[in-house]
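# Structural description and commentary
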Amino acid sequence: MSFPAARTRSAEPEVTAAAAAPFGFLPQHGQDEDGLAPFEPLPLDTWVRGAAVHPDLSSDVEEKFAGVPQLSASVIDDTVRRIEKGARACIAPCATVHPFGSTVNGFGETTSDLDVFVAVDEEELAYYMGFASQCRQERQLAEVQQQLGEAGVGPASPGRHQPERAADTGKGAISCAVQQLADFLPGHSFKVVRCLPHARRPLVTLADKGGELDEIDVSINNRLPLYNSRLLKAYSSLDDRVRPLVLLVKDWAKRMRVCGANEGNLSSYTWTIMVVYFLQLAGVLPSLQALADSPNTVQDVDYWGHPCEFNTGFVRAEDYKQERERAAARQEAGGSGGEHFTLGHLLFGFFHFFCHEYRWGDESRQSEVVSIRCADRRRADPWFLLCGKVHPEPNLHVEDPIEQRDLNIVLRRERLAQLRAELDRAAALLAGGGSLEELLSARPLGPLALAFARSGRHRPRRARSGGRKREGKAGAATEFHYSIQGSCGEVLTLLPR
């Protein structure tokens, strides 16, 4: 098996339509509607020459982020072992526990949360949870009857309250399993932080009483993230610059409060995808999925709970590096074109790309899709838009490399505006010679208020404090424009379309 070289300025990799065209894209060749070649590497050299990048930026990044330790394997193994022991006692004897996420994909820290899922055969899960659900209902019924007896009301009629095996369905069995874990795992040195048995993806969050982990999310048969973790682990091992850059960008995003799905921002996982995508376009990384010879499909359910088939195939990092070494020995391929870029160059390039070069959409065209599966800079089509969230303003689309859904589905409209404002400020800071300390110590911008327009036939609302109202002629649209002063003195105005 022979892999094509990563993109260089002299040649483009050969990617077939079958390997490169994801759901939501139409295969294209040559130039796209913008007149740009999809596989043309980013002119990062030109960007760097036109900017005043701080001379110590690379050394500062390397000093602060190159040696960041990860959670030790012994801590992860001990936690997984205890959860697995509890799962086999309260769910099914065949249960196994598997970690995924940042603690195992190479982009974690010692403070990272641990994500695990309990893998159980579906028939076994339904069988055991059916009886567990019945026992739970019988116990609850007995408690109600005891309370009624103590109150002098008399026992409830048993004929009207026969317990049902509600866990016979797949979702019901998973919900019951999560409740079982919440009941049993405190006996294995865990504390239940929260239990969400009826969420879209049921899970229980634990804290290790005697260990180093404050937050452990446990789900049932949530297998797809395991493949994402393996893919990202492969990327983290291809180049020594990948992990420090990802850790830095995620740290910046958290400091600027534009990271965290629970607050309507992009998730930490999404920011990792964005960094890998930029490095692919810069010629530092290949697309391991596009280089795979054959698909490796698995059956699972998608984000919305529908059964689907997913392609989890990609070229292993070890195989790719070996083939590159053999090709270099045969002098069949040169460098990837990105070896000479320092961490400072790549950090500046990341913010410059998403601020100035990322193809934000307009009224006639959709935005570019960040896809590490293809890395060909295609724009989203209407089918792909169904997999995420749509806003009136140009949106940021990030494809999950395995599930192929839009990871912007958690991104709220006002947080999108905040994200773009922070990207603009970071790009300007680094282009003007700003240091790493200035980048990370900047105070987050104040919240942005969204402007809106109302028809003139409606009664206009009173202008909010700090805002100004502009009224048109009678019967015309009434527009409200809000100017918010940021914490650093900036005046930021978001106008309606």
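Just so we're clear, the structure is a prediction, and the values are computed from it rather than from any experiment. (Residues numbered from 1 in each chain as written. Predicted model: local features only at pLDDT ≥ 70, side-chain atom pairs only at ≥ 80, totals over all residues. Heavy atoms only, no water.)

In this fold, D406 is placed in the loop between β9 (397-398) and α13 (413-431). Sequence-distant contacts of D406, defined by excluding residues within four places in its chain, comprise F384, C387, G388, L396, H397 and V398. Side-chain polar atoms of D406 contact the backbone nitrogen of V398, separated by 3.1 Å. There is a polar contact of 3.1 Å between the side chain of D406 and the backbone nitrogen of N408. (Helix = DSSP H or I, 4+ residues; strand = E, 2+ residues; numbered from the N terminus. Contact = heavy atoms within 4.5 Å. Polar contact = N/O pair within 3.5 Å; in protein donor to acceptor, adjacent residues only side chain to side chain.)

Another point: unusual backbone geometry. Even without a glycine there, the phi angle at S189 is positive, about 70 degrees. Position of S189 among the secondary structure elements: in the loop between α6 (170-184) and β3 (190-196). Although it is not a glycine, N221 sits at a positive phi angle of roughly 55 degrees. Here N221 falls in the buried class, since its relative accessible area comes to 9%. (Buried < 20%, exposed > 50% of the residue type's maximum accessible area, 1.4 Å probe, protein only.)

Ordered by their spatial adjacency, five strands build an open sheet running β1-β2-β5-β4-β3, and the pairing between neighbours is mixed. For this open sheet the edge positions go to β1 (96-100) and β3, each flanked by a neighbour on one side alone. Between one strand and the next, the sheet's axes are offset by a mean angle of 25 degrees, whatever the strand orientation. Note that β1 and strand β2 (residues 114-119) share five bridges and pair antiparallel. Counterpart to F100 in the pairing with β2 is D115. (Pairing = 2+ DSSP bridges. Axes fitted to C-alpha atoms, helices over the stretch in contact; angles between N-to-C directions.)

Looking now at the layout of surface pockets. Here the largest pocket defines a volume of roughly 1700 Å³. Taken together, 45 residues form the lining of the largest pocket, with D115, D217, A261, S267 and Y269 sitting closest to its centre. When residues of the lining of the largest pocket are traced back to their parent elements, those giving at least two are β2, β3, β5 (216-220), α7 (224-236), α8 (242-255) and α9 (268-281). By volume, the second largest pocket is sized at about 530 Å³. Lining the second largest pocket are 22 residues; nearest its centre among them are E122, G170, K171, I174 and V301. (1 Å grid on protein atoms, 1.4 Å probe; cavity = no way out; pocket = protein on both sides within 12 Å on 5 of 7 lines; lining within 4 Å. Points joined across faces, edges and corners; volume = space filled by probe spheres on them.)

Turning our attention to the pairing of β3. Summarising the sheet, β3 and strand β4 (residues 203-208) pair through six bridges and their orientation is antiparallel. The residue bridging K191 from the neighbouring strand is A207, located in β4. What sits between β3 and β4 in their antiparallel hairpin is a turn of six residues.

Geometric values such as these leave the question of function open.
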